[in-house]
Amino acid sequence: MGGRRQQPLLPPVCCCPGALLITVITFYLLTTLIKSLQARHAPLADTDYQLTVLTEAQAAGARLPAFGQKLREAGLLPLRPTELKTMQINVGRMCNQVCKHCHVDAGPDRTEIMTRATMQLCLDALAQTDIEVVDLTGGRPR
Ligand code: SF4
């Protein structure tokens, strides 16, 4: 199959001491600092813990309006289907970045990725619609 080649994690190594030092530092950063919450065993990797934090913050008076309240304020209640404009596809958690805002805790250490069969199901479903926008989310190796 003609899929895109995975980008190597490390730059090519040459005999120049400066380049070697950069390679070692890059390797250190990639293998120790740049990891998903799950790989760092961070408590926030656990969704139950996330809910606990949010619940406790609300109980402590944090300004976290309920979803229903925000919908009411925006005049969107009761919710009604309108039209399907965007298909969002979560392709997995494997990514060469570790953004702090990532909602799926993606990272280079994650291995979960959409199977070809699931991708085909997405394409089949898409072909039956007029959807013009496909939003890829989840791990997105670049
Ligand atoms: S999936 Fe997107 S948000 Fe998450 S780490 Fe990768 S680039 Fe960042």
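Note that the coordinates shown come from a computational prediction; the quantities given were computed from them, not determined experimentally.

Quick look at the overall build of the chain now. When you go through the chain residue by residue, the secondary structure sums to four helices and two strands. Its helices and strands taken in sequence order, the chain reads α-α-α-β-α-β from the N to the C terminus. Taken over 142 residues, the chain has a buried fraction of 8%. Considering only contacts within the chain whose residues lie at least 6 apart along the sequence, 59% involve residues at least 24 apart.

The next point concerns helix α2 (residues 47-59). Between its first and last C-alpha atoms α2 spans 18 Å; for 13 residues at 1.5 Å apiece the expected length is 18 Å, and the two agree. Downstream of α2 by a residue or two, glycine 61 has a phi angle that is positive, lying close to 95 degrees.

In the sheet, strand β1 (residues 86-90) pairs with strand β2 (residues 133-137) via five bridges, with the strands oriented parallel. Within β2, the position partnered with threonine 86 by the bridge is valine 133. In this region the chain leaves β1, passes through helix α4 (residues 116-127) and returns to the parallel neighbour β2; the handedness of that crossover is right-handed.

Near the ligand you find nine residues, and of these Cys95, Gln97, Cys99, Cys102 and Ala106 are the closest. Here the residues of the shell around the ligand are counted per class, giving five nonpolar, three polar and one charged.

It is worth spelling out α4 at this point. Over its twelve residues, α4 runs 16 Å from end to end, which matches the ideal 16 Å to within 8%, given 1.5 Å per residue. Judged by how many residues are buried, α4 sits mostly at the surface: zero of twelve residues are covered.

In this fold, alanine 125 is placed in helix α4. Judged by C-beta crowding, with 12 C-beta atoms within 10 Å, alanine 125 ranks as exposed. Along the backbone, alanine 125 and methionine 87 are 38 residues apart, and their C-alpha atoms lie at a distance of 9.7 Å.

All right, on to unusual backbone geometry then. The omega torsion across leucine 77 and proline 78 is -10 degrees, close enough to zero to call that bond cis. Within the secondary structure, proline 78 is located in the loop between α3 (67-73) and β1. The phi dihedral of histidine 41 is positive, around 55 degrees, even though this residue is not glycine. In this structure, histidine 41 sits in the loop between α1 (17-33) and α2. Take histidine 41: there are 9 C-beta atoms within 10 Å of it, and that puts it in the exposed class.

Another point: the environment of arginine 93. Take arginine 93: it is sitting in the loop between β1 and α4. Spatially, the C-alpha atoms of arginine 93 and aspartate 109 are 8.9 Å apart, while their sequence positions differ by 16 residues. Not counting residues up to four positions away in its chain, the partners in contact with arginine 93 are Val104, Asp105, Ala106, Arg110, Glu112, Gly138 and Gly139.

So, on to the confidence of the model for the chain. When pLDDT is averaged along the chain, the result is 82; 84% of the residues meet or exceed 70. Ranking the elements of the chain by mean pLDDT puts α1 last with 72 and α4 first with 96.

Reading the values: rules and limits
Residues numbered from 1 in each chain as written. Predicted model: local features only at pLDDT ≥ 70, side-chain atom pairs only at ≥ 80, totals over all residues. Helix = DSSP H or I, 4+ residues; strand = E, 2+ residues; numbered from the N terminus. Buried ≥ 20, exposed ≤ 12 C-beta atoms within 10 Å, placed from the backbone. Contact = placed C-beta atoms within 7 Å. Expected span 1.5 Å × (residues − 1). Pairing = 2+ DSSP bridges. Right-handed = clockwise from strand over helix to strand, strands pointing away. Near = placed C-beta within 6 Å. Nonpolar A, V, L, I, M, F, W, Y, C, P; charged D, E, K, R; others polar. pLDDT = per-residue confidence, 0-100.

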